[in-house]
Amino acid sequence: MSSRFLLWEEEGGSTRREMAQRLLLKRFLSLPGRCLTSQVQSFSSLSTKCTQTYVPHFTTSPISRFTEFTTVRQISTSSSRRVTFSVQNKDDFQERVIKCEVPVIVDFHAQWCGPCKILAPRLEKAVAKHEGKVLMAKVDIDDNTDLALEYEVSAVPTVLALKNGSVVDQFVGVKDDDQVEAFLNKLIGPCP
């Protein structure tokens with residue numbers, strides 16, 4: 001006889017279903033812990049390591065005999081700061097862009113703008129190459145109309161280069177990678 005049959009015979013009062021559940025539980029508990037690790041890197045130099053560990057939580061209710069899983073998530077970030085951010089309002093713009101000691105590229109864009117969706121990844125990639133020597137602020141003109149009017153944005157995408165709170169350079173429309181890199185180099189110097 002198989003060991004499973006012997007166990008069922010020894011239990012006497014236990015039903016076959018309860019015994020099968022115990023065997024399944026025994027097998028499950030003998031497995032090594034399941035751990036999924038993924039490295040998430042955004043377009044900036046921020047690295048976020050996210051580890052998910054699945055911890056079994058067993059219910060003892062006679063109604064539910066299924067195994068539930070609880071997710072435990074540990075998130076750690078590196079010491080590098082985020083080089084691309086979205087501006088929330090005029091006060092946020094004042095604090096994070098105007099008062100910033102590092103030069104800032106401001107991308108005035110809109111969700112409905114096709115050229116904006118082409119230019120944004122190019123800008124983000126170029127800014128990330130400079131490893132914190134320049135930051136990029138993204139301003140949605142539909143959410144921040146007052147900022148768009150203040151900086152006389154008449155078309156999107158419009159990109160401004162601010163240094164010490166003052167506009168030092170700008171361009172309108174889509175640019176290729178080389179033109180974007182030249183724009184940044186003019187602001188902060190060539191990438192190392």
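Before reading further, recall that the structure is shown in the block above.
Notes on the structure follow.

Rules used throughout
Residues numbered from 1 in each chain as written. Predicted model: local features only at pLDDT ≥ 70, side-chain atom pairs only at ≥ 80, totals over all residues. Heavy atoms only, no water. Pairing = 2+ DSSP bridges. Helix = DSSP H or I, 4+ residues; strand = E, 2+ residues; numbered from the N terminus. Axes fitted to C-alpha atoms, helices over the stretch in contact; angles between N-to-C directions. Buried < 20%, exposed > 50% of the residue type's maximum accessible area, 1.4 Å probe, protein only. Salt bridge = Lys/Arg side-chain N within 4 Å of Asp/Glu carboxyl O.

Moving on, we come to the sheet that holds strand E8 (residues 166-172). Pairing in this open sheet of five strands is mixed, and the strands run E4-E6-E5-E7-E8 from one edge to the other. This sheet does not close on itself; its edge strands, each paired only once, are strand E4 (84-86) and E8. This sheet shows a mean twist of 20° between the axes of neighbouring strands, independent of strand direction. The sheet contact formed by E4 and strand E6 (residues 135-140) spans three bridges and is parallel. Within the sheet, the bridge partner assigned to Ser 86 lies in E6 and is Lys 138.

Buried residues dominate E6, accounting for six of its six residues. Taking every second residue as pointing to the same face, both faces of E6 are buried, with Leu 135, Ala 137 and Val 139 on one and Met 136, Lys 138 and Asp 140 on the other. The pairing of strand E5 (residues 104-109) with E6 spans six bridges and is classified as parallel. Paired with His 109 across the bridge in E6 is Asp 140.

This paragraph deals with the pattern of salt bridges. For the structure on display, the rule yields seven salt bridges. Between Lys 99 and Glu 95 there is a salt bridge, and its shortest N-O distance comes to 3.7 Å. The exposed category is assigned to Lys 99, whose relative accessible area is 53%. The salt bridge involving Asp 177 is made with Lys 125; its shortest N-O contact spans 3.8 Å. Of the two residues, Asp 177 is situated in helix H6 (residues 177-188) and Lys 125 in helix H4 (residues 114-129); the sequence distance between them amounts to 52 residues. Judged by its relative accessible area of 38%, Asp 177 falls in the partly exposed class. We classify Lys 125 as partly exposed; its relative accessible area is 47%.

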